[in-house]
Amino acid sequence: QVQVMESGGGSVQPGGSLRLSCAASRSISNIVSMAWYRQFPERQREMVAILATRGGTAYAEEVKGRFTISGDITENTVSLQINSLKPEDTDVYYCKIISSRSGDLWGQGTQVTVSS
């Protein structure tokens, strides 16, 4: 079964930057979109950015102008550039690859901690 793996999380000070990356263990066919979510303990997982196969992107309101999603559908990779980090961005970030053939494929998550 294909695995989706995130990397790039860590601890940074407010105002800092991180780049999260996501890759699949093998090729995934019929990808519809790739997205990043985040979840704080005891809260609902929320989408922060999505990249559609036709190139369109969308962002949660609170991250617009600070987060940038990019990816390569053919390589099954997606990244999230996070700038101007705030303490409230502290969360576990998850990658999701949506395939019309394989369904929703989630990674295990990567921790982002923002504190001074």
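If you're wondering where the values come from, they're calculated on a predicted model, not measured in any experiment.

Cut-offs applied
- Residues numbered from 1 in each chain as written.
- Predicted model: local features only at pLDDT ≥ 70, side-chain atom pairs only at ≥ 80, totals over all residues.
- Heavy atoms only, no water.
- Helix = DSSP H or I, 4+ residues; strand = E, 2+ residues; numbered from the N terminus.
- Salt bridge = Lys/Arg side-chain N within 4 Å of Asp/Glu carboxyl O.
- Buried < 20%, exposed > 50% of the residue type's maximum accessible area, 1.4 Å probe, protein only.
- Contact = heavy atoms within 4.5 Å.
- Polar contact = N/O pair within 3.5 Å; in protein donor to acceptor, adjacent residues only side chain to side chain.
- Phe/Tyr/Trp six-rings, centres within 6.5 Å; stacked < 30°, edge-to-face > 60°.
- Lys NZ or Arg CZ within 6 Å of the ring centre and 35° of its normal.

S.K.: Explain the environment of Ser-102 to me, using residue names and the numbers behind them.
M.R.: By secondary structure assignment, the location of Ser-102 is in the loop between β9 (91-99) and β10 (103-106). The spatial distance from the C-alpha of Ser-102 to the C-alpha of Val-2 is 9.3 Å, given a sequence separation of 100 residues.

S.K.: I'd like to hear about the pattern of salt bridges, residue by residue, with values.
M.R.: Inspection of the entire model under this criterion finds seven salt bridges. Between Arg-38 and Glu-62 there is a salt bridge, and its shortest N-O distance comes to 3.9 Å. Taken together, the residues Arg-38 in strand β4 (residues 31-39) and Glu-62 in the loop between β6 (57-59) and β7 (67-72) connect sequence positions 24 residues apart. Across the pair Lys-96 and Asp-104 runs a salt bridge, and its minimum N-O distance is 3.7 Å. Bridged by salt links that share partners, the residues Arg-38, Glu-46, Glu-62, Arg-66, Asp-89 and Asp-91 form one connected network.

S.K.: Describe the environment of Arg-38, listing the residues and the values that go with them.
M.R.: On the basis of relative accessible area, Arg-38 is assigned to the buried category, the value being 5%. Between the C-alpha atom of Arg-38 and that of Tyr-94, which follows or precedes it by 56 residues, the distance is 5.8 Å. Discounting chain neighbours no more than four positions away, the residues touching Arg-38 are Gln-44, Arg-45, Glu-46, Val-48, Glu-62, Val-63, Phe-67, Glu-88, Asp-89, Asp-91, Val-92 and Tyr-93. A polar atom in the side chain of Arg-38 sits 3.0 Å from the side chain of Tyr-93.

S.K.: A description of the packing of aromatic side chains should follow, citing residues and the corresponding values.
M.R.: Going through the model one piece at a time under the given rule, you end up with three aromatic pairs. With centroids separated by 4.8 Å and ring planes inclined at 65 degrees, the aromatic side chains of Tyr-37 and Trp-106 adopt a geometry described as edge-to-face. One end of the pair, Tyr-37, is in strand β4; the other, Trp-106, is in strand β10, with 69 residues separating them in the sequence. For Trp-106, a relative accessible area of 32% corresponds to the partly exposed category. Consider the rings of Phe-67 and Tyr-93, whose centres lie 6.5 Å apart with planes at 50 degrees: the pair is tilted. With Phe-67 in strand β7 and Tyr-93 in strand β9, this pair connects stretches of sequence that are 26 residues apart. The exposure classification of Phe-67 matches that of Tyr-93, with both residues buried. Among the aromatic side chains, those forming a connected cluster through ring pairs are Tyr-37, Tyr-94 and Trp-106. Across from the ring centre of Tyr-94, 3.6 Å away, lies the NZ or CZ of Arg-45, which sits over that ring.

Geometric values such as these leave the question of function open.
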